[in-house]
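What follows is the residue order along each chain.
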Amino acid sequence: MKKLSIVLYDWWQATKAILPRINHLAGLWTSYYLSRLLKKNFIWGLPVSISIEPTTYCNLRCPQCPSGLRAFTRPTGTISIDTYLGFLEKIKSHVAFLTLYFQGEPFLNPHFIQMVKEARKRNMYVITSTNGHFMSRETAREVILAGLNRIIFSIDGVTQETYEKYRVGGDLSKALQNLKLLASMRNSLGKKNPLIIFQFIVFKHNEHELETARKVAYQHGADIFLIKSAQIYDENKEHFLPNNSRYSRYVKQPDGAFKLKGRLLNRCWRMWHNPVITWDGRWLPCCFDKDAKYVMGDLKKQSSEQIWHSETYKLFRNMILTNRKQIDICRNCSEGLKVTFLD
């Protein structure tokens, strides 16, 4: 019953955030399906979901992550609180769901707690994702009281040997301890937020631990156990892909190449509701553009309306609707695939 009440409270908080912006959601949804039907860009309303990148820096060296590999070609850095507040003022009328995460570890931004507070003041539902290494008792208390709605702990193993094969430089015991600490602090404060998700990316080296991971997640206070498929960027990393095809987003071809399951359809709901803002203000079409190759605008210099309805965006959406496979970030995109599993 306790878990159910937390999930229902989370749903209610999300509903409260979207209701004042329901006109934008209705416009986006309607224009998206009209665009799909006519194969021509229509866009009514402004995005109701946005990700803002607190920092590109991370303490880990995950081998399929640009941040972990220190392999960005775009500028790296950390968003200042003044820049962030400026962004919030520009998007507050239409954004209901704010994800404070893109690349990097969010808790490395010294203003992260304040960032949560400011978004919650503007009735935004706030989500983040962490590797769980920076959750002191004080941080746990502050992030709960700040009103964070949802947090994902990315923990891909239940033994240190397995865990560190991907989370290179990570300490499994610390991540699990901090997950338990946050859940315990939430209970002691009598709060129902944040909703705590234990995310397990399935690789070949950890798929045998899947059921144990489920038990460990709930033993340490998680509300939801989420299984996610791995994304690879080059085929010499196929040793990461699980043997169980159910948990892979790829199918091996006769020539040895890997292809996404299913067809790459000429449509993408993300393009109509969920862009990404980098730490320095670059407006990207979605979270698959990790190196900011397709910049739609600059939120430091433009309004969200100017960017969202720009000619650049119009051309990009038209490419999505007519020949999506010509866009390289789309060719490794899981949009429309069943690649996550909730317990």
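Residues numbered from 1 in each chain as written. Predicted model: local features only at pLDDT ≥ 70, side-chain atom pairs only at ≥ 80, totals over all residues. Heavy atoms only, no water.

A. Fine view of the environment of T212. Among the secondary structure elements, T212 is positioned in helix 9 (residues 210-219). The class of T212 is partly exposed, set by a relative accessible area of 41%. Between the C-alpha atoms of T212 and G157, which are 55 residues apart in sequence, the distance is 9.1 Å. (Helix = DSSP H or I, 4+ residues; strand = E, 2+ residues; numbered from the N terminus. Buried < 20%, exposed > 50% of the residue type's maximum accessible area, 1.4 Å probe, protein only.)

B. Broad picture of the side chain of R317. For R317, the position within the fold is in helix 11 (residues 311-323). One buried charge, R317, has no salt-bridge partner; the nearest side chain with opposite charge is E311, at 9.7 Å. Not counting chain neighbours up to four residues away, the residues in contact with R317 comprise N41, I43, M271, W272 and W308. (Lys, Arg positive; Asp, Glu negative; His and termini not counted. Salt bridge = Lys/Arg side-chain N within 4 Å of Asp/Glu carboxyl O. Contact = heavy atoms within 4.5 Å.)

C. View of the pattern of salt bridges. All chains considered together, the criterion is met by 11 salt bridges. The salt bridge involving D223 is made with R186; its shortest N-O contact spans 2.8 Å. Separated by 37 residues along the polypeptide, D223 in the loop between helix 9 and strand 6 (224-229) and R186 in helix 8 (residues 172-188) bring together distant segments of the chain. R186 shares its class with D223; the two are buried. With a shortest N-O distance of 3.0 Å, R214 and E211 are connected by a salt bridge. A residue pair is termed a helical-turn pair when its members lie 3 or 4 positions apart in one helix, as R214 and E211 do in helix 9 at three residues. Judged by its relative accessible area of 19%, R214 is buried.

These values are about where atoms sit, not about what they do.
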